[in-house]
Amino acid sequence: MKAKIGTFLMIIGSVLIFAALGLFIYNEHEQNLAAESVSKLMPQLVEAIRVQKEETSEPVLPTVNPQKEMKTAEIDGHEYIGFVGIPALGLELPVMADWDYDKLKIAPCRYSGSVFTGDLVVMAHNYKKHFGSLSTLRPGDSVTFTDMEGQTLYYEVAALDVLSSTAVEDMTSGEFDFTLFTCTYGGESRVTVRCDRTSAE
């Protein structure tokens, strides 16, 4: 009887080990695809910004304007509003105009808000080349956002929060100009970086 129980436990243990290995391989594959997407998208996005900036006749000023919509550009069938830069992490990442779970596998996405209303919120997976290192940012670190009109807005990390996955209202509340967030492994919490706008680099 004890031998049968031991054999059963060994089988269960082996199944769990293979399941964990399979999950690890799947996650690594997803992360590699995400990194490849970013490396292909960024040059296209920068070029789209250059073209759109040349076609814009009116002067672009980085001011709050609730009546103004953020311009978008379509790349590979998806709409983008610009890109976020996080120098401390060595990242420049395209940002899609809206989000769903499939889009998040490609690039960070706008969760809500706008640069013109001073309440932009951007979300991304915790992939290594997306927002996986967000928790290492510290108050005072710089963050930028460049929109499709070629204007770059400068921000400074003001606070880091860890919110529960159900704290939807907390994600968009407060007086912060720019918020970045990602889920922790397992999806139970959200690492949230709050930023204030600054006047220059």
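Below: a short report on this structure. Keep in mind it's a predicted model, so treat the numbers as computed, not measured.

Okay, the packing of aromatic side chains next. One pass over the full model with this rule turns up five aromatic pairs. Ring centres 5.3 Å apart and planes at 90° place the aromatic pair Trp99 and Tyr101 in the edge-to-face group. Look at Phe145 and Phe178: their rings are 6.0 Å apart centre to centre, the planes differ by 80°, and that puts the pair in the edge-to-face class. Separated by 33 residues along the polypeptide, Phe145 in strand S6 (residues 142-147) and Phe178 in strand S8 (residues 178-183) bring together distant segments of the chain.

All right, on to the pairing of strand S3 (residues 91-96) then. Burial of S3 is extensive: five of the six residues sit out of reach of the surface. Linking two consecutive strands that pair antiparallel, namely strand S2 (residues 78-86) and S3, is a turn of four residues; a positive phi of about 65° is found at Gly90 within it.

Turning our eyes to something else, we now look at the nonpolar core. Ranked by internal contacts, the top residues of the largest apolar core, which has 47 residues, are Val84, Phe145, Phe178 and Leu180. Setting aside residues up to four positions removed in sequence, Val84 forms contacts with Leu91, Glu92, Leu93, Val95, Val143, Thr144, Phe145, Phe178 and Leu180.

For the rest of this paragraph, the subject is the side chain of Asn126. Relative to the elements of secondary structure, Asn126 occurs in the loop between strand S5 (120-123) and S6. Here Cys183 takes part through its backbone oxygen, which lies 2.9 Å from a polar atom of the side chain of Asn126. Setting aside anything within four residues of it in sequence, one finds Asn126 in contact with Phe131, Gly132, Thr182, Cys183, Thr184 and Tyr185.

Attention shifts here to the pattern of salt bridges. The final tally for this structure, using the stated rule, is five salt bridges. Note that Lys71 is salt-bridged to Glu149, the shortest N-O span being 3.9 Å. Here Glu149 lies in the loop between S6 and strand S7 (152-164) and Lys71 lies in the loop between helix H1 (2-55) and strand S1 (73-75), a separation of 78 residues in the sequence. On the accessibility criterion, Glu149 (2% relative accessible area) is buried. Arg194 is the salt-bridge partner of Asp161, the closest N and O atoms lying 3.5 Å from each other. Of this pair, Asp161 sits in strand S7 while Arg194 sits in strand S9 (residues 189-198), and the two are 33 residues apart along the sequence. One continuous salt-bridge network, built from bridges that share partners, spans Lys68, Lys71 and Glu149.

Conventions adopted
Residues numbered from 1 in each chain as written. Predicted model: local features only at pLDDT ≥ 70, side-chain atom pairs only at ≥ 80, totals over all residues. Heavy atoms only, no water. Phe/Tyr/Trp six-rings, centres within 6.5 Å; stacked < 30°, edge-to-face > 60°. Helix = DSSP H or I, 4+ residues; strand = E, 2+ residues; numbered from the N terminus. Buried < 20%, exposed > 50% of the residue type's maximum accessible area, 1.4 Å probe, protein only. Pairing = 2+ DSSP bridges. Core = buried A, V, L, I, M, F, W, Y, C linked by side-chain atoms within 4.5 Å. Contact = heavy atoms within 4.5 Å. Polar contact = N/O pair within 3.5 Å; in protein donor to acceptor, adjacent residues only side chain to side chain. Salt bridge = Lys/Arg side-chain N within 4 Å of Asp/Glu carboxyl O.

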